[in-house]
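So you can see what is in the structure, the chains are spelled out below.
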Amino acid sequence: MAFTARIIAAFGRHLVVRDAQGNERGARPFGRKLQVVCGDQVTCEIDTHHDEAHVTAVLPRDSCLYRTNLRADEEAVVANLTLMLVTLAPVPAPDLFMIDRYLAAAASAGIRATLVLNKCELPWPPDLVAELAAYAAVGYAHIAVSAKTDIGMEALRAACAGDIAVFVGQSGVGKSSLVSRLVPEADIRTGELMRSQEGTHTTTASRLYDLAGGGHLVDSPGVRDFAPALSRLEPTSLGFLEVAQRAPRCRFDDCRHLKEPACAVRAASESGEISPRRYESYRRLRRLFETLGAQDNPGRKPRSR
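One structure accompanies this document, and this report is about it. Within each chain, residue numbers correspond to sequence positions counted from 1 in written order. Only residues with pLDDT of 70 or above have their local features reported here, since the model is predicted, and side-chain atom pairs are shown and tallied only from 80 upward, although totals for entire chains, interfaces and linings are computed over all residues. To get the side-chain values, take all heavy atoms of the structure and skip hydrogens and water.

Each Phe, Tyr or Trp ring, with Trp reduced to its six-membered ring, pairs with another whose centre is within 6.5 Å; inter-plane angles below 30 degrees give stacked pairs, above 60 give edge-to-face pairs, and intermediate values give tilted ones. Taken as a whole and judged by the stated rule, the model has two aromatic pairs. Relative to tyrosine 282, the ring of phenylalanine 240 lies with its centre 5.7 Å away and its plane at 85 degrees, an arrangement referred to as edge-to-face. Of this pair, phenylalanine 240 sits in the loop between helix 6 (221-224) and helix 7 (241-246) while tyrosine 282 sits in helix 9 (residues 276-296), and the two are 42 residues apart along the sequence. Across the pair, tyrosine 282 and phenylalanine 240 agree in class, each one buried. Note on conventions: DSSP H or I runs of at least 4 residues are helices, E runs of at least 2 residues are strands, and numbering of each starts at the N terminus. Accessibility here uses a 1.4 Å probe with only protein chains present; expressed as a share of the type maximum, an area under 20% marks a residue as buried, one over 50% as exposed, and anything in between as partly exposed.

Now the structure itself:
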């Protein structure tokens, strides 16, 4: 008999699913072409011979994050998220372009994003404080926390209530420590999943955890540091909220907001209405986006106006 369930753990093609009644069981995708990720809602059938479920179909996703793999192909990493926790810290120095790219990926996928400022017990440089004000002006809230001292952890738990969340950010900002604070059993349960599938030649385990205050957290080393797939960005604004807000005032409907005349976005950057640094991030990402488009369509050259 078929039933619907959510993928709550994935380790290669070894899965754990949870049905509507809260029952969990091992599962595998039925067929090599079926690609599923943690967070997916799926249709399953019981394989009585092997005491496991076969995942036969993936239900439509409300959202999905994609990364670019080592073969330069895009692949899904986690599905049906509602909140991206973009994590930064005073040490190591934040890669603001990478932060902008995460935020762009979230906006393009219809996922809310919040900045999580870890290591708040350390002094924050004045220029970084100014950048946080620029993010706030765009509409990105932030939560100051410390995985070391527990400052702000209750606010972080409250922010996740009712959501399916994921931490992303550059290495060294303390994402794994924050996960351990929110879900103390995370390392143990992931280790058990990996040991149970020892010898399968896979390298990344993803798992969805229930949070004590409500909501869920998806964690995976492959998700924490992923590079968002350029091809999945919203093509007009690339997921930059301030660009999307001002684009309708540009002279040209297909304005790329680079060199076009009467561009409302460029004018806003020049006047200081929007962050010039954020605008430069947009320009940099636009060039990457168009270079990728030209590679995918060899006969097409990047436009110039």
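Axis separation between helix 1 (residues 96-109) and helix 2 (residues 126-138) bottoms out at 13 Å; the angle between their running directions is 20 degrees. Here helix 1 is positioned roughly parallel relative to helix 2, judged by the angle of their axes. In terms of crossing hand, the pair formed by helix 1 and helix 2 is right-handed. Contacts between helix 1 and helix 2 pair Leu96, Ile99, Asp100 and Leu103 from the former with Leu128, Glu131 and Tyr135 from the latter. Under this scheme, a helix contributes an axis fitted over its contacting stretch, all axes are lines through C-alpha atoms, and angles between N-to-C directions fall in the 0 to 180 degree range. When an angle is under 35 degrees it counts as roughly parallel; over 145 it counts as roughly antiparallel; between 65 and 115 it counts as roughly perpendicular; any other value is oblique. Each helix crossing is assigned a hand: it is left-handed if the near helix lies turned anticlockwise from the far helix by less than a right angle, otherwise right-handed if that turn is clockwise. Whether two residues touch is decided by their heavy atoms; if any such pair falls within 4.5 Å, the residues are in contact.

Over its 13 residues, helix 2 runs 19 Å from end to end, which matches the ideal 18 Å to within 8%, given 1.5 Å per residue. Within helix 2 the residues assigned to the buried category are Leu128, Glu131, Leu132, Ala134, Tyr135 and Val138. The arc enclosing the buried residues of helix 2, seen along the axis, measures out at 155 degrees, which places them on a common side. The exposed set on the far side of helix 2, more than 90 degrees from its buried face, consists of Pro126 and Ala137. Of the residues trailing helix 2, glycine 139 is marked for its positive phi of about 125 degrees. An expected span of 1.5 Å times one less than the residue number is assigned to each helix. Taken from the helix axis, the directions to the C-beta atoms give the arc we talk about.

The next subject is helix 3 (residues 153-160). Three or more residues of helix 3 are buried, namely Met153, Leu156 and Cys160. With its buried residues spanning 55 degrees around the axis, helix 3 presents them on a single face. Facing away from the buried side of helix 3, by more than 90 degrees, are the exposed residues Glu154 and Ala158. Check the buried side of helix 3 and you find it contacts strand 8 (83-88), strand 9 (112-117), strand 10 (142-144), strand 11 (164-168) and helix 4 (175-182). Two residues or fewer after helix 3 comes glycine 162, characterised by a positive phi angle close to 80 degrees.

Turning next to the pairing of strand 3 (residues 24-29). Sheet faces and side chains relate simply in a regular strand, where the side chains alternate between the two faces. Inspection of the sheet shows strand 2 (residues 14-19) paired to strand 3 by four bridges, in the antiparallel sense. Counted as the bridge partner of leucine 15 is alanine 27 from strand 3. Two strands are said to pair when DSSP picks up at least two bridges between them. Between strand 2 and strand 3, which follow one another and run antiparallel, lie four residues, and glycine 22 among them has a positive phi close to 90 degrees. The pairing of strand 3 with strand 5 (residues 52-58) spans three bridges and is classified as parallel. Considered in strand 5, the bridge of alanine 27 is made with alanine 53.

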